Amino acid sequence: MAELCAHHLSKYYAGVSVVKDVEFRIRPGEVVGYLGPNGSGKTTTTRMLAGLLEPSSGSVSYDGRNIHDDLMRYRASLGYIPEEPSLYPFLSGREHLQLIGRLRQMPETLLDTKIDAFLGLFGLRLAADQPIASYSKGMRQKIVISAALLHDPAVVLFDEPETGLDVTTTLVLRHMVQLLAQRGKAILYSSHILEVVERVCHRVIVLHKGNVVADDSIERLRALMSHTTLEGVFAELVMREDPEQMARDLVNVSALSTQ
Amino acid sequence: MTRPTFRTPYAQLTRQFLRQFLENDLISPDSDSSQLLAVVGALAVSVTLFISMFMSAKFIGALLTPGQAAVLLLDDKFFYLSLSMIAAALMAAAQWDALTIDPRDAAILEPLPVSAAVIRRAKLTAVAVLGAAVAVAINLFPSLILPWLLATNFPQMSIGPLLGLMTAHAVLTCGAAAFGYLTVIAIRETLAVVLGRRGFAFVSPWVQGALIVAMGSALLLLPPSATRIAQRGFDDWRASSPPMWFLGVYETIAGEVIADLPRLEMNPRQAATDIDMSALYRQRRSNFPRLAGQATAAFGAALVMAVLAYLWNARRPALTALPQASARRRWRAGHWIANTLIVREGTARAGFYFALAAMWRSKPHRVTLACAVAAGVAMAVLALSRADVGRGAPPSTRLLIIQPLVYGALLVGFRQIIRLPAELRANWGFKLAWRERDRAFLGGVRRAALVALVLPVLAVLVPPFAFVIGIRGALVHAALGLAGATVLLEALLVSYDKVPFTCTYLPNENTKALLPIYALAFVVGAGVFARLQVGAIASGNAIGILVALAVPFGLLRFWSLRRVRLRLVDFDETPSSVQQLGLHR
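Residue positions are given per chain, counting from 1 as you read along its sequence in written order. Chains carry letters and ligands carry numbers; both start at the beginning, A for chains and 1 for ligands, and go up in the order they are written. Whole-chain, interface and lining totals are the exception, using all residues; otherwise, since this is a predicted model, local features are given only for residues with pLDDT of at least 70 and side-chain atom pairs are given and counted only at 80 or more. Here the side-chain values reflect all heavy atoms present in the structure, with hydrogen atoms and water set aside.

A few points about the overall build of chain A
Here comes step 1: Regarding its fold elements, chain A presents ten helices and ten strands.
Here comes step 2: Compactness check: chain A gives a C-alpha radius of gyration of 20 Å against a globular reference of 18 Å for 259 residues, within 12% of the reference.
Here comes step 3: Dimensions along the principal axes, computed over C-alpha positions, put chain A at roughly 55 × 55 × 40 Å.
Here comes step 4: Relative accessibility thresholds used throughout: buried, under 20% of the residue-type maximum; exposed, over 50%; partly exposed, between the two (1.4 Å probe, protein chains only). Across the 259 residues in chain A, those meeting the buried criterion constitute 54%.
Here comes step 5: Whether two residues are in contact is decided by their heavy atoms, any of which lying within 4.5 Å being enough. Intrachain contacts of chain A at a sequence separation of at least 6 include 66% that bridge at least 24 residues.
Here comes step 6: Note on areas: Shrake-Rupley, 1.4 Å probe, and residue coverage restricted to the protein chains presented here. With an accessible surface of roughly 11,600 Å², chain A has 53% of that area assigned to carbon and sulfur atoms.
Here comes step 7: With 27 positive and 31 negative side-chain charges, chain A shows a spacing of 3 Å between the two charge centroids. The secondary structure listing takes helices from DSSP runs of H or I that are at least 4 residues long and strands from runs of E that are at least 2 residues long, numbered from the N terminus. Both definitions apply: the radius of gyration is a C-alpha atom measure, and the globule rule equals 2.2 Å times residues to the power 0.38. Charge counting follows a simple rule: Lys and Arg are positive, Asp and Glu are negative, and His as well as the terminal groups are ignored. Where a charge sits is defined by one atom per residue type, namely NZ (Lys), CZ (Arg), CG (Asp) or CD (Glu).

Right under this line is the structure:
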């Protein structure tokens with residue numbers, strides 16, 4: 001079965017290093033959590049894994065081949081849920097899914113069946129023919145998730161997929177990720193919600209200022225770092241400030257008198 | 001001690017709304033608005049400077065008499081007043097949705113402790129400033145150059161009347177611009193009052209498109225319309241046109257500056273001409289006060305309607321209380337026909353439906369197409385004015401050229417809109433789902449153009465052509481038109497290498513340089529095609545032309561298939577920072 005591998009991935013913007021020498025692999029049936037504070041390089045890595053961004057150095061391989069050697073073939077087996085889903089505002093949700101499915105050359109009957117099913121399961125049937133411009137963030141996210149899963153991809157990259165989703169859908173998403181893994185999909189799950197990562201991921205990679213600072217199973221990390229929760233591990237790895245003190249400082253700034 | 005805030009919320013919002021008029025998401029979400037402002041400003045200044053010099057050349061060293069100049073000036077004044085009025089109205093129509101507070105502004109501004117009245121006042125100010133800027137950009141050079149060149153022709157004209165003429169020209173052309181601008185705002189706001197928000201949301205794109213078509217056509221038809229104003233009298237359609245009302249004000253205020261100039265020594269021929277022309281001018285003079293009255297009434301009505309309707313719409317307490325977009329009806333029969341007969345393959349279907357959605361529902365694409373329609377209508381009107389359109393008239397080149405001119409203009413507009421991304425930020429979806437089937441996708445887009453642009457034009461033109469040249473002739477003309485449009489579309493897309501409506505827009509400067517040649521080739525080609533059709537309809541042998549069209553079609557398709565294409569489509573061709581500096585070429 002095919003593995004997705006990041007080989008010494010680095011990315012620089014105007015000479016500033018955003019991702020440094022990141023190396024990991026995701027096996028089929030594995031859910032890898034990708035954690036890190038804001039600006040740590042999670043989205044940049046995910047976009048490089050999706051082939052939307054070329055690395056400054058290093059490479060991404062799938063099934064033993066550099067993805068840029070045959071990007072089309074790789075993308076045929078890729079599902080990607082970005083952090084900020086920009087969609088064509090003048091298309092309806094159904095039209096967007098039809099567009100993506102047709103570009104992916106899915107058979108029309110299968111496409112229609114899947115679209116109806118996704119829209120129904122996500123509770124979007126009534127809004128299916130409304131323009132996306134009128135959708136809430138959560139509704140858009142549901143369309144993006146549907147589009148990513150429409151073609152039954154072998155690799156799925158989730159970049160903070162819970163954004164805007166309600167509690168029920170977040171729970172559904174959590175179970176869905178586990179079920180996808182059981183069906184042999186290789187999954188990268190980038191998130192800020194440590195509780196979700198702790199529950200669904202087999203392994204976590206922690207990124208800090210573009211560097212991988214941990215890559216192991218949650219149990220081993222907890223044992224190694226003598227913490228009972230992933231939150232404790234994460235705090236020790238990447239937090240340089242005391243959260244309580246920082247919160248106090250913020251409230252104090254907010255209360256500064258304008259007199 | 002804290003520093004005081006210098007800008008009031010009103011001033012800050014006005015500045016922000018003005019910046020929004022220049023927003024441009026086509027090249028990149030981060031594109032430089034000051035660059036756009038510079039380009040638009042330079043274009044307005046250079047075009048009006050060129051027009052002023054070109055129009056006023058006849059006053060340089062021509063030894064015109066005051067009577068002659070007074071009569072000739074009526075044409076020029078009509079032209080400048082019309083140009084100013086139409087350009088301002090066109091600008092307002094192009095900014096249609098930006099003239100009021102849009103949902104995005106409302107969502108950002110409503111939670112802030114700024115009253116709705118301040119927000120609306122700021123928007124109104126920004127709209128007024130934009131209108132004033134347009135008026136000044138269009139009228140600055142004509143207001144200086146026209147009177148100045150007149151003065152070179154008439155040494156008896158002193159500095160006082162010269163300055164008076166400059167002031168009158170500036171004020172009245174700007175007044176005409178204000179009238180055009182206010183009229184569009186009045187139409188928009190009155191429709192919103194009468195139809196309510198839901199009804200207005202439905203008709204708004206259509207009204208905007210219709211206004212752009214009307215104004216664009218009027219602008220293109222302006223040069224042939226602004227001739228022999230005095231000679232033709234004030235009884236034709238022009239007498240009831242708004243620019244003529246403003247011409248009445250102009251002549252009432254400043255008409256005597258030239259007409260009543262002291263006469264210097266003239267030869268007998270000049271003297272006779274002066275007497276004739278002065279008589280003609282005096283004969284027309286009686287109309288000017290009436291026209292001036294109409295201008296005052298129309299301006300007042302537009303102003304009152306615009307302000308009242310704007311205030312009425314602004315009284316709504318919540319800016320964000322906009323109607324929910326209603327679901328689009330799915331026309332199953334239409335989809336079945338299209339899927340069965342027009343696009344049977346998935347990628348072509350994706351191109352077909354995406355093109356249909358983008359060209360009608362995306363604002364920049366719709367506006368560009370409306371401009372293309374305006375060009376087509378203007379050319380058709382010009383051709384029609386010289387054609388015999390009586391019942392049973394024989395088919396003529398002047399008549400049959402109308403159809404290729406209209407669909408040709410639309411297809412050229414279509415060629416332009418496929419280069420504009422429908423939403424650049426959303427092209428990641430295309431990138432991920434793209435399977436390098438660019439020909440199939442483009443095939444779907446091409447068929448969308450034929451179905452949505454060419455077929456409606458042909459269908460609309462069949463009844464009037466059937467009236468003039470008979471049903472059989474009209475049907476043959478339509479069939480040949482479809483074949484001609486297919487060849488033209490093939491020619492327009494032969495060198496297209498990108499994915500329509502998705503890739504970064506990069507202006508092609510070579511196209512601008514070659515524009516006159518393209519325009520000439522287009523008109524000549526349409527003329528030749530019309531001439532061939534005349535022969536075919538007269539002889540009853542249309543098959544020959546269809547065969548003849550198949551040859552260039554085949555050659556173009558062959559060339560299109562054989563030429564070396566890019567291996568991979570680059571959706572984001574260059575980073576925005578590089579584009580802004582023009583380093584991509």
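So, the interface of chain A and chain B
Here comes step 1: Listed by partner, the interface residues are 33 residues for chain A and 38 residues for chain B.
Here comes step 2: The term polar contact refers here to a pair of N or O atoms within 3.5 Å; inside protein, the definition further demands a hydrogen-donor-capable atom paired with an acceptor-capable atom, and it admits residues adjacent in sequence only when both atoms are side-chain atoms. For the interface between chain A and chain B, the tally reads seven residue pairs in polar contact (both at pLDDT 80 or more).
Here comes step 3: Mapped by element, the contributors of at least two residues to the side of chain A that touches chain B are α2 (71-76), β6 (78-81) and α3 (93-103) of chain A.
Here comes step 4: Take the side of chain A that touches chain B: its biggest share by element is seven residues, from α3(A).
Here comes step 5: Put simply, Ala, Val, Leu, Ile, Met, Phe, Trp, Tyr, Cys and Pro go in the nonpolar bin, Asp, Glu, Lys and Arg in the charged bin, and everything else, Gly too, in the polar bin. For the side of chain A that touches chain B, the class distribution of residues is 18 nonpolar, eight polar and seven charged.

A look at empty space enclosed by the protein
Here comes step 1: For cavity detection a 1 Å grid was placed over the protein atoms alone, and a set of points counts as a cavity when a 1.4 Å probe fits there but cannot get out; an open set counts as a pocket when protein lies on both sides within 12 Å along at least five of seven lines, with lining residues being those that have an atom within 4 Å of a point. Grid points are joined across faces, edges and corners, and a volume is the space filled by probe spheres set on the points. Evaluated as defined, the whole model comprises three cavities of 30 Å³ or more.
Here comes step 2: What the largest cavity holds in volume is close to 110 Å³.
Here comes step 3: Of all elements in the fold, only β6, α3 and α5 (137-149) of chain A together with α17 (427-433) of chain B reach the threshold of two or more residues within the lining of the largest cavity.
Here comes step 4: The leading source of residues in the lining of the largest cavity is α17(B), at four residues.
Here comes step 5: Residues of the lining of the largest cavity, tallied by class, amount to nine nonpolar, four polar and one charged.

Some details on the pattern of salt bridges
Here comes step 1: Any Lys or Arg side-chain nitrogen found within 4 Å of a carboxyl oxygen on Asp or Glu counts as a salt bridge. Counted under the stated rule, the structure contains 24 salt bridges over all chains.
Here comes step 2: Taking the shortest distance from any N to any O, the salt bridge between Arg199(A) and Glu195(A) comes out at 3.4 Å. Separated by four residues within a single helix, Arg199(A) and Glu195(A) lie in helix α7 (residues 194-200), roughly one turn from each other.
Here comes step 3: Given a relative accessible area of 51%, Arg199(A) falls into the exposed group.
Here comes step 4: One salt bridge in this structure joins Glu490(B) and Arg446(B), with 3.6 Å as the shortest N-O distance. Of this pair, Glu490(B) sits in helix α19 (residues 471-493) while Arg446(B) sits in helix α18 (residues 438-469), and the two are 44 residues apart along the sequence.
Here comes step 5: You can call Glu490(B) buried: its relative accessible area is 1%.
Here comes step 6: When salt bridges that share partners are traced, they join Glu3(A), Arg25(A), Arg27(A), Glu30(A), Arg203(A) and Asp215(A) into one network.

Brief notes about the packing of aromatic side chains
Here comes step 1: Between the rings of Phe, Tyr and Trp (Trp by its six-membered ring), a pair exists once the centres lie within 6.5 Å; its type follows the angle of the planes, with under 30 degrees stacked, over 60 edge-to-face, and the other angles tilted. As enumerated under the stated definition, the model contains 19 aromatic pairs over all chains in all.
Here comes step 2: Here the aromatic rings of Tyr88(A) and Phe354(B) are separated by 4.8 Å at their centres, their planes lie at 70°, and the arrangement is edge-to-face. Placement of the pair is Tyr88(A) in the loop between β6 and α3 and Phe354(B) in helix α13 (residues 346-361), with the two residues belonging to separate chains. The exposure classification of Tyr88(A) matches that of Phe354(B), with both residues buried.
Here comes step 3: Here a set of aromatic residues connected by ring pairs shows up, and it is made of Tyr88(A), Phe90(A), Phe354(B), Phe414(B), Phe430(B), Trp434(B), Phe441(B) and Phe501(B).
Here comes step 4: The ring of Tyr250(B) carries the charged tip of Lys77(B) above its face, separated from the ring centre by 4.5 Å. Think of it as a cone above the ring: NZ of Lys or CZ of Arg counts as a charge over the ring if it is within 6 Å of the ring centre and within 35 degrees of the ring normal.

Notes on unusual backbone geometry
Here comes step 1: Of note, the phi angle at Asp63(A) is positive, near 55°, even though the residue is not glycine.
Here comes step 2: Its identity is not glycine, yet Glu436(B) carries a phi of approximately 60°, on the positive side.
Here comes step 3: If you trace the backbone, Glu436(B) turns up in the loop between α17 and α18.
Here comes step 4: A relative accessible area of 35% places Glu436(B) in the partly exposed class.

Some points on the confidence of the model for chain B
Residue and element names in this part refer to chain B.
Here comes step 1: Confidence along chain B averages 84 in pLDDT terms, with 89% of residues attaining 70 or more.
Here comes step 2: Confidence scores labelled pLDDT are given residue by residue by the predictor and lie between 0 and 100. Least confident of the elements in chain B is helix α22 (residues 576-580), whose mean pLDDT is 43; most confident is helix α16 (residues 402-417), at 95.
Here comes step 3: Long-range and interchain partners of residues 318-324, a stretch whose pLDDT sits below 50, account for 19 contacts in this model, where long-range means more than four residues apart.
Here comes step 4: Throughout residues 575-585 the model reports pLDDT below 50, and contacts reaching past four residues in sequence, or to other chains, amount to 19 contacts.
Here comes step 5: Overall fold confidence (pTM) sits at 0.82, and the ipTM for the predicted complex is 0.85.

Observations regarding the nonpolar core
Here comes step 1: In this text, buried Ala, Val, Leu, Ile, Met, Phe, Trp, Tyr and Cys residues form a nonpolar core when linked through side-chain atoms within 4.5 Å. Ranked by size, the top nonpolar core spans 161 residues in total, and within it Phe354(B), Phe414(B), Phe430(B) and Phe501(B) carry the most contacts.
Here comes step 2: Among the elements that make up this core, the one with the highest residue count is α18(B) (16 residues).
Here comes step 3: The contact partners of Phe501(B), leaving out residues within four places of it in the chain, are Tyr88(A), Phe354(B), Ala355(B), Ala358(B), His365(B), Phe414(B), Ile417(B), Ile418(B), Leu420(B), Pro421(B), Ala422(B) and Val445(B).
Here comes step 4: By size, the runner-up hydrophobic cluster in this structure holds 90 residues, among which are Ala122(B), Leu172(B), Leu222(B) and Ile258(B).

Things to note about the packing of helix α6 (residues 159-225) of chain B against helix α8 (residues 242-254) of chain B
Residues and elements named next belong to chain B.
Here comes step 1: Axis lines are fitted through C-alpha atoms, for helices just across the contact stretch, and the angle between N-to-C directions can take any value from 0 to 180 degrees. The geometry of α6 relative to α8 is characterised by a closest axis approach of 10 Å and an angle of 155° between their N-to-C directions. What the angle tells us is that α6 and α8 run roughly antiparallel. Remark: the crossing between α6 and α8 carries right-handed chirality. Residues Leu165, Ala168, His169, Leu172, Gly175, Ala176 and Phe179 of α6 touch α8, and the partners they reach there are Pro242, Trp245, Phe246, Val249, Tyr250, Ile253 and Ala254.
Here comes step 2: Considering only residue class, the contact of α6 with α8 consists of twelve nonpolar, two polar and no charged. Small angles under 35 degrees read as roughly parallel and large ones over 145 as roughly antiparallel, with 65 to 115 read as roughly perpendicular and the rest as oblique. Crossing handedness: left-handed means the near helix sits turned counterclockwise from the far one by under a right angle, and right-handed means the same turn made clockwise.

Quick look at the packing of helix α1 (residues 9-21) of chain B against helix α5 (residues 116-153) of chain B
Residue and element names in this part refer to chain B.
Here comes step 1: At a closest axis distance of 8 Å, the pairing of α1 and α5 adopts a crossing angle of 50°. Considering their axes alone, α1 and α5 lie oblique with respect to each other. In the packing of α1 onto α5, the handedness of the crossing is right-handed. From α1, Pro9, Tyr10, Leu13, Thr14, Phe17, Leu18, Gln20 and Phe21 reach across to α5, where they touch Val118, Ile119, Arg121, Ala122, Lys123, Thr125, Ala126, Val127, Val129 and Leu130.
Here comes step 2: Partitioning the contact of α1 with α5 into residue classes produces 13 nonpolar, three polar and two charged.

Quick look at the side chain of Glu189(B)
Here comes step 1: Within the fold, Glu189(B) resides in helix α6.
Here comes step 2: Setting aside its immediate chain neighbours within four residues, Glu189(B) contacts Thr100(B), Ala309(B), Tyr310(B) and Asn313(B).

Examining the side chain of Asp129(A)
Here comes step 1: Summarising the element assignment, Asp129(A) is placed in the loop between α4 (108-121) and α5.
Here comes step 2: Reaching out from Asp129(A), the side chain makes a polar contact with the side chain of Arg94(A) at a distance of 3.1 Å.

Brief notes about helix α3 (residues 66-94) of chain B
Here comes step 1: Taking 1.5 Å of rise per residue, the 29 residues of α3(B) would be expected to cover 42 Å, and the 41 Å separating its terminal C-alpha atoms lies within 8% of that figure.
Here comes step 2: Most of α3(B) is tucked away: 24 of the 29 residues are buried. To estimate the expected span of a helix, count its residues, drop one, and scale the result by 1.5 Å.

Some details on the sheet that holds strand β4 (residues 57-62) of chain A
All names here are of chain A.
Here comes step 1: Here a strand pair is declared whenever DSSP counts at least two bridges between the two strands. Taken together, the four strands give an open sheet; going across it, the order is β2-β1-β4-β5, and neighbouring strands pair in antiparallel fashion. This sheet does not close on itself; its edge strands, each paired only once, are β2 (16-26) and β5 (65-66).
Here comes step 2: Looking at chain direction, strand β1 (residues 4-13) and β2 are connected through seven bridges and run antiparallel. Its bridge partner lying in β2, Leu4 is registered against Ile26.
Here comes step 3: Set on the sheet, helix α1 (residues 42-49) makes contact with β1, β2 and β4; between it and β1 the angle comes to about 125°.

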